[in-house]
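What the coordinates show
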Amino acid sequence: MKTAVCPGSFDPVTLGHIDIIRRAAAIFDHVIVVVMNNTSKTAMFTQEERVDFLKRATAGMTNVEIDSYGGLLADYTQMKNASVIVKGLRALSDFEYEFQMALTNRKLNPQAETAFLTTSTDYMYLSSSLVKQVAMLGGDIRDFVPACIVDDILRKVRQINSNKI
Ligand code: ADP
């Protein structure tokens, strides 16, 4: 059985992420989407919220599992016996960073290959930070994230804004 891991911050999950997860699930037997704790990014949503959003957004995908991990991706892939790390590429600007990560992960765990799926043209502009910016400024995010998490994002924005007053 071929297991692939889709890592990311998913803060929050977007339709761009879902597109990559769905396409990975059509290629591999088992896909584990893992919410990584990236200490260099300040998250808007807790790890539990991000996992919950992903679980709801992928509810119909039978070979997709959601998990979270606080350590190294290379250790996680080894632990899960995964042979592939799937990443999405939006634009040339993603490439340098992703290339560096792929080489580092191969050095740390030579058993796992990184595979890149190119974004769908519909989502090439889309990122979690864009969703957060638009939501914080009162814009419509319904075209950017799964419908089942729109209200959760708006609730969080209201909570953040009321803490500012
Ligand atoms: P972001 O860069 O939006 O914070 P993550 O760190 O959660 O996203 O990214 C997880 C994975 O999803 C990465 O491989 C990233 O390149 C990919 N990804 C993010 N947004 C898109 C998109 N719109 N289309 C394709 N892949 C994407």
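Look up: the structure comes first, before these words.
All of the points below concern the structure found in this document. (Residues numbered from 1 in each chain as written. Predicted model: local features only at pLDDT ≥ 70, side-chain atom pairs only at ≥ 80, totals over all residues. Heavy atoms only, no water.)

1. Concerning the environment of Glu 98
Positionally, Glu 98 belongs in helix α4 (residues 92-108). Its relative accessible area of 9% is what places Glu 98 among the buried residues. Through-space distance from the C-alpha of Glu 98 to that of Ile 149 is 27 Å; in sequence the pair is 51 residues apart. Setting aside residues no more than four positions away along its own chain, Glu 98 makes contact with Lys 87, Leu 89 and Phe 116. (Helix = DSSP H or I, 4+ residues; strand = E, 2+ residues; numbered from the N terminus. Buried < 20%, exposed > 50% of the residue type's maximum accessible area, 1.4 Å probe, protein only. Contact = heavy atoms within 4.5 Å.)

2. Here's the deal with helix α1 (residues 15-27)
Here α1 is 13 residues long and its end C-alpha atoms lie 19 Å apart, about the 18 Å a rise of 1.5 Å per residue gives. Residues of α1 that are buried: Gly 16, Ile 18, Asp 19, Ile 20, Ile 21, Ala 24 and Ala 25. Those residues of α1 that are buried are in contact with β1 (3-8), β2 (30-36), α2 (47-57), β3 (64-69), β4 (84-89) and β5 (113-118). Measuring from the side-chain oxygen of the N-cap residue of α1 to the backbone nitrogen of Gly 16 gives 3.1 Å; that N-cap residue is Thr 14. (Expected span 1.5 Å × (residues − 1). Polar contact = N/O pair within 3.5 Å; in protein donor to acceptor, adjacent residues only side chain to side chain.)

3. Some remarks on helix α5 (residues 128-136)
Buried within α5 we find Ser 128, Val 131, Lys 132 and Ala 135. Taken around the axis of α5, the buried residues stretch over an arc of 95°, which confines them to a single face. The secondary structure elements touched by the buried residues of α5 are α1 and α6 (150-164). (Arc of directions from axis to C-beta.)

4. With respect to the site of the ligand
Inspection of the region around the ligand gives 17 residues, with Phe 10, Gly 88, Arg 90, Tyr 123 and Leu 126 positioned closest. A distance of 2.5 Å separates an oxygen atom of the ligand from a polar atom in the backbone of Gly 88. A distance of 3.0 Å is found between a nitrogen atom of the ligand and a side-chain nitrogen or oxygen belonging to Thr 119. Summarising the interface, the protein chains cover 91% of the accessible area of the ligand, which totals 540 Å² for the free molecule. Of all the secondary-structure elements, those providing two or more residues to the shell around the ligand are β1, α1 and β4. Considering each element in turn, the shell around the ligand owes the most residues, 3 residues, to α1. Among the residues forming the shell around the ligand, the class breakdown is 5 nonpolar, 8 polar and 4 charged. (Near = heavy atom within 4 Å. Areas by Shrake-Rupley, 256 points an atom, 1.4 Å probe, with all protein chains shown as cover. Nonpolar A, V, L, I, M, F, W, Y, C, P; charged D, E, K, R; others polar.)

5. Comments concerning unusual backbone geometry
Asp 11 connects to Pro 12 through a cis peptide bond whose omega is 0°. Tracing the backbone shows Pro 12 in the loop between β1 and α1. Even without being glycine, Phe 10 reaches a positive phi, approximately 50°. Looking at the element boundaries, Phe 10 is found in the loop between β1 and α1. In this structure Phe 10 comes out as buried when scored by relative accessible area, which is 5%. Of note, Asn 81 is a non-glycine position whose phi angle comes to about 55°, a positive value. On the secondary structure map, Asn 81 appears in the loop between α3 (73-79) and β4. For Asn 81, a relative accessible area of 65% puts it in the exposed group.

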